[in-house]
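What follows is the residue order along each chain.
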Amino acid sequence: MDLQKIANVVRGLAADGVQKAKSGHPGAPLGLADVGSVLYFDFLKHNPTNTKWPNRDRFILSGGHGSMLLYSLLHLSGYQVSLDDLKDFRQLGSNTPGHPEYGDTDGVETTTGPLGQGIANAVGMAIGEKMAAARFNKPDRNIVDHYTYVLCGDGDLMEGVSAEASSLVGHLQLDKLIMIYDSNQITIEGSTELAFTESVKDRYIAYGWQVLEADGHNISELQKAIAEAQKNTTQPSLIIAHTQIGKGAPTKVGLAETHGAPLGEEEVAGLKEALGFPVDQDFYIPDELKNLPELMRQKGEGLE
């Protein structure tokens, strides 16, 4: 499975969705397309045909404003998020609202909007997994055995709720919680140098977490880091993914202006040209990936 090609398709879908809506946040989806593709198509234990499977892995997008990342991944994974849904991004009554809504969109594990809240939700889910495993697992059979993954950014880590929750999860040694930090040095106001200069790495080490680092645009580095996080059976893991906001945008990559505004038609065209996609075709999925949703559904059914 060509994870890099999938990630680039995610970039194209996200850029088109925000541009068509004339509203939204393209920077995070472009910057996190590689991370999301590695998770959804390589590591995540999930079944798109049964979103209530109790032993599925959980994925929480704490920065809910980057929802086009999640919706693109859900569509390509075979969930009930159609290409038309992606085209209706942020429209009244659509299946793809500006922030993910639990119970409204297939495959969304929790509603996220307020920064930091998704991290606290993930901690609760990890606690639930640990409690259920202690109650139901037998020496010869693990009935409950799944991971909780949470994707967060600088804004999430600035919030007090995430600090309190992270301290608790370190104390409880919840090894099945893996958090990936989108470290791009950019907030909506500009560089993180304006207001956020602490060492996140040292803070999480002090909380009792395992801290790993990876190039957030290097597929093999991300795979290695997630695999290493899974091997740790005594600590939660934080993976600091060093990324560029707006990755792939020809003139706006790394700029704060990509955080919360459409890229513009010219910039989107430049992005598609750089990715080798047809410039005049919106929501493009190459022929070799059009059967990906069905393949993921088949794979998911075989996991249960």
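Residues numbered from 1 in each chain as written. Predicted model: local features only at pLDDT ≥ 70, side-chain atom pairs only at ≥ 80, totals over all residues. Heavy atoms only, no water.

## Brief notes about the packing of aromatic side chains
This model, assessed by the stated rule, comprises six aromatic pairs. Measuring from centroid to centroid gives 5.2 Å for Phe277 and Tyr284, while their planes differ by 55°, and the two rings are tilted. Judged on exposure class, the residue Phe277 and its partner Tyr284 are both buried. Through a chain of ring-to-ring contacts, the aromatic side chains of Tyr204, Tyr207 and Trp209 assemble into a single cluster. Taking the ring centre of Tyr147 as reference, the NZ or CZ of Lys176 above it sits at 5.2 Å. (Phe/Tyr/Trp six-rings, centres within 6.5 Å; stacked < 30°, edge-to-face > 60°. Buried < 20%, exposed > 50% of the residue type's maximum accessible area, 1.4 Å probe, protein only. Lys NZ or Arg CZ within 6 Å of the ring centre and 35° of its normal.)

## Brief notes about the pattern of salt bridges
Under the definition given, this model contains 13 salt bridges. Lys252 is paired through a salt bridge with Glu257; the nearest N and O atoms lie 3.8 Å apart. A residue is classified by how much of its surface remains accessible, and Glu257, at 46% relative accessible area, is partly exposed. In this structure, a network of salt bridges that share partners links the residues Asp16, Lys272 and Asp282. (Salt bridge = Lys/Arg side-chain N within 4 Å of Asp/Glu carboxyl O.)

## Things to note about the pairing of strand β3 (residues 177-183)
In terms of burial, β3 is a largely internal element, seven of the seven residues being buried. What you see with β3 is no split at all: Leu177, Met179, Tyr181 and Ser183 on one side and Ile178, Ile180 and Asp182 on the other are buried throughout. Here strand β2 (residues 148-153) pairs with β3 via six bridges, running parallel. Among the inter-strand pairings, Thr148 is bridged to a residue of β3, identified as Leu177. Taken together, the six bridges between β3 and strand β7 (residues 237-242) define a ladder with parallel strand orientation. Following the sheet pairing, Ser183 is matched in β7 by His242. (Helix = DSSP H or I, 4+ residues; strand = E, 2+ residues; numbered from the N terminus. Pairing = 2+ DSSP bridges.)

## Comments concerning helix α8 (residues 200-207)
Turning to α8, its buried residues number three or more, namely Val200, Arg203, Tyr204 and Tyr207. Down the axis of α8, the buried set is contained in an arc of 90°. They therefore lie on one face. Its buried side turned inward, α8 meets α6 (154-158), α7 (160-172), β3, β6 (210-215) and β7. Positive phi appears at Gly208, one or two residues downstream of α8, with a value of about 100°. (Arc of directions from axis to C-beta. Contact = heavy atoms within 4.5 Å.)

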